[in-house]
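Structural overview for review
The primary structure of each chain is shown beneath.
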Amino acid sequence: MANQPLLNTYGRLPVVFEHGRGMWLYDTEGQRYLDTFTGIAVSGLGHSHPGVAHAISHQAERLTHCSNLFHCKLQQELARRVCDQADMDGAFFANSGAEVNETAIKLARHYGHQRGITNPSIIVMENAFHGRTLATLTATGNQRVQAGFEPLVSGFVRAPFDDLKAVEAIAEANPNVVAVMVEPIQGEGGVAIPDPDYLPGLRRICSRNNWLLLLDEVQTGNARTGTYLASQQAGIIPDVVTLAKGFGNGYPIGACLARGKAAEVLGPGSHGSTFGGNPLGCAAALAVLDATEQGGLTERAQVLGDRMINRFREHLEGAEYIHAIRGHGLMLGIELTEPCSELVLLAKVQGILLNITRERVIRLLPPLTMTDDEADYMADQIIRIIKLYAADDRDRPRQ
Ligand SMILES: Cc1ncc(COP(=O)(O)O)c(C=O)c1O
């Protein structure tokens, strides 16, 4: 299937989807596919959620856009609701994960300038993913994302993920640091879950040094891991937190939330977005919050995640091709011992959509709205396909 006249930025599977419902996507041939990763954590309420669809169509008939030169009631309501969920004091809305991370980076730099640090640095992690704009791809710890786009943006210092001593060492050596930016669980980085003391340790280091703790919860947020923010499980409160992906269940909206002194940093004219926080996006995000609260989906993410991981452990743990099975709530990773990119095509032929990250990690981000039976069915299909692949792989001649 030719890409033209689209610019060739994506490696795509040869399938065209026409509509979706819950955990299913339907292609133009009428074939249905089980979606195990919901557009990489976007459609957390499943495809075509009726509450979100209704909110979008209703709002589209009233007011789609009104400039940020004016007040917007829905924006204020959304800010209040999301700040309540995340223990934050203020919100800035934009249209993607990269944009809200750019906002967090600008906020941290401005905070540094206000403290007299004219050349501020932000500590970022190896294997992190923060987006594809120039600043966020610089913050991203993956050379494949950066290659060919040099010169990168200055003002970032890299530390290994889950290594508090490395951050302490930077604190001693670099007086220009103003913030640490980190994902509570690295998604693109292979569903990498740090030691339970990592986030509390970063919180302590940031507070001691007067740095801001910026948490990128673009993938882990929106109730996916069993709490509204994944960091709430670590019992810490960041200074800044970013959300996108599941925040609008497919409507492109993200939030940069700030608390305490961080919420006072940006002033009028310091940042902006034409589309950010438009009434349509706010209506979608409010409908997502309604459905999440009314459906008890935060708790469901935990229950379903435990259910699936137990099933995976029961049927896969100990197999010679399984390296690890891990996850929190409905953010799960099954790491194989070998790179497994062909698994995606094999699964597609079987009507299952799988996502592989870090070459050998099957990343599962299913909808929070699944029933118990649907979660069991999805887990069983994934187990079946992994076993099929492993059996195929054993039969394949070695070079
Ligand atoms: C943790 C994290 N941050 C930021 C982004 C970038 O979000 P977007 O693609 O909406 O710009 C992603 C996307 O995968 C992500 O996983």
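These numbers come from a predicted model, not from an experiment. (Residues numbered from 1 in each chain as written. Predicted model: local features only at pLDDT ≥ 70, side-chain atom pairs only at ≥ 80, totals over all residues. Heavy atoms only, no water.)

**Examining the overall build of the protein**
In terms of helices and strands, the protein carries 12 helices and 15 strands. Taken over the C-alpha trace, the protein has a radius of gyration of 21 Å; the compact-globule value for 399 residues is 21 Å, and the two agree within 12%. The C-alpha extent of the protein, read off along each of the three principal axes, is 65 × 55 × 45 Å. Among the 399 residues that make up the protein, the fraction classed as buried is 54%. (Helix = DSSP H or I, 4+ residues; strand = E, 2+ residues; numbered from the N terminus. Rg over C-alpha atoms; globule rule 2.2 N^0.38 Å. Buried < 20%, exposed > 50% of the residue type's maximum accessible area, 1.4 Å probe, protein only.)

**Focus: the state of the cysteines**
Across all of its chains, the model carries zero disulfides by this definition. Unpaired in terms of disulfides, Cys83 finds its nearest cysteine sulfur in Cys256, a separation of 10 Å. (Disulfide = S-S within 2.5 Å.)

**Observations regarding the site of the ligand**
Around the ligand, the surrounding shell holds 13 residues, and the nearest of these are Gly97, Ala98, Asp216, Gln219 and Lys245. At 3.0 Å from an oxygen atom of the ligand is found a side-chain nitrogen or oxygen belonging to Lys245. Summarising the interface, the protein chains cover 81% of the accessible area of the ligand, which totals 390 Å² for the free molecule. At three residues, helix 4 (residues 97–114) tops the list of elements feeding residues into the shell around the ligand. Here the residues of the shell around the ligand are counted per class, giving three nonpolar, six polar and four charged. (Near = heavy atom within 4 Å. Polar contact = N/O pair within 3.5 Å; in protein donor to acceptor, adjacent residues only side chain to side chain. Areas by Shrake-Rupley, 256 points an atom, 1.4 Å probe, with all protein chains shown as cover. Nonpolar A, V, L, I, M, F, W, Y, C, P; charged D, E, K, R; others polar.)

**Remarks on a nonpolar patch on the surface**
On the surface, a cluster of nonpolar side chains totalling about 270 Å² of accessible area is made up of Leu134, Phe149 and Leu152. For Leu152, the position within the fold is in the loop between helix 6 (143–146) and strand 6 (156–159). The exposure class assigned to Leu152 is partly exposed, which follows from its relative accessible area of 32%. (Patch = residues over 30% accessible without salt bridge, like charges linked within 9 Å, V, L, I, M, F, W, Y side chains within 5 Å. Salt bridge = Lys/Arg side-chain N within 4 Å of Asp/Glu carboxyl O.)

**Describing the packing of aromatic side chains**
With the rule as written, the count across this model stands at four aromatic pairs. Note on Phe17 and Tyr33: the rings are 5.3 Å apart at their centroids and 80° apart in plane angle, and the pair reads as edge-to-face. Of the two residues, Phe17 sits in strand 1 (residues 17–21) while Tyr33 sits in strand 3 (residues 32–35), which places them 16 residues apart along the sequence. Both rings, one in Phe161 and one in Tyr198, keep their centres 5.3 Å apart while their planes meet at 75°; by these two values the pair is edge-to-face. Within this pair, whereas Phe161 is found in the loop between strand 6 and helix 7 (164–173), its partner Tyr198 is found in helix 8 (residues 198–209), the two being separated by 37 residues in sequence. Taking NZ or CZ as reference, Arg32 lies 3.6 Å from the ring centre of Trp24, over its face. (Phe/Tyr/Trp six-rings, centres within 6.5 Å; stacked < 30°, edge-to-face > 60°. Lys NZ or Arg CZ within 6 Å of the ring centre and 35° of its normal.)

**Here's the deal with the environment of Ala147**
Mapped onto the elements of the fold, Ala147 is located in the loop between helix 6 and strand 6. A C-alpha to C-alpha distance of 9.8 Å links Ala147 and Leu137, two positions 10 residues apart in sequence.

**Some remarks on the domain arrangement of the protein**
According to the domain assignment, the protein consists of domain 1 (17–49 + 296–395) and domain 2 (50–294). Between the C-alpha centres of domain 1 and domain 2 there is a distance of 26 Å. Listed by partner, the interface residues are 31 residues for domain 1 and 32 residues for domain 2. Regarding the contact of domain 1 and domain 2, the summed buried area is about 2,500 Å², with carbon and sulfur atoms giving 55% of it. In terms of surface lost to domain 2, no three residues of domain 1 exceed His49, His328 and Met331, which account for 27% of the buried area on that side. In this structure, the connection of domain 1 to domain 2 is made through one salt bridge. When the shortest N-O distance is used, the salt bridge between Glu188 and Arg363 registers 2.8 Å. The interface formed by domain 1 and domain 2 includes 21 residue pairs in polar contact (both at pLDDT 80 or more). Residue assignment for the side of domain 1 that touches domain 2 shows that the elements contributing at least two residues are helix 1 (38–41), helix 10 (297–316), strand 11 (322–328), strand 12 (331–336) and strand 15 (361–364). Of the residues forming the side of domain 1 that touches domain 2, the biggest block, four residues, is contributed by helix 10. Among the residues forming the side of domain 1 that touches domain 2, the class breakdown is 13 nonpolar, 14 polar and four charged. (Domains from an automatic or database assignment. Contact = heavy atoms within 4.5 Å. Buried area = accessible area lost by both parts, 1.4 Å probe.)

**Quick word on the sheet that holds strand 13 (residues 352–353)**
Strand order in the open sheet made by the four strands is 1-2-3-13, with mixed pairing throughout. On the outer flanks of this sheet lie strand 1 and strand 13, each paired with one strand and no other. The pairing of strand 2 (residues 24–27) with strand 3 spans three bridges and is antiparallel. Following the sheet pairing, Trp24 is matched in strand 3 by Leu34. (Pairing = 2+ DSSP bridges.)

**With respect to helix 7**
Every buried residue of helix 7 is accounted for by Ala166, Val167, Ile170 and Ala171. For helix 7, the angular spread of the buried residues around the axis is 145°, confining them to a single face. In helix 7, the exposed positions that point more than 90 degrees away from the buried face belong to Lys165, Glu172 and Ala173. Its side-chain oxygen 3.2 Å from the backbone nitrogen of Lys165, Asp163 forms the N-cap of helix 7. (Arc of directions from axis to C-beta.)

**Brief notes about the nonpolar core**
In a soluble, globular protein the nonpolar side chains are often hidden away together inside. Formed by 90 residues in total, the largest nonpolar core has its most connected members in Met125, Phe247, Phe312, Ile334, Leu343 and Ile386. Both of domain 1 (17–49 + 296–395) and domain 2 (50–294) provide at least three residues apiece to this core. Residue contacts for Ile386: discarding those within four places in its chain leaves Leu316, Tyr321, Ile322, Ile334, Leu336 and Ile362. Counting residues in each nonpolar core, the second largest holds 25 residues, with Val100, Ala139, Val218 and Ala262 among its members. (Core = buried A, V, L, I, M, F, W, Y, C linked by side-chain atoms within 4.5 Å.)

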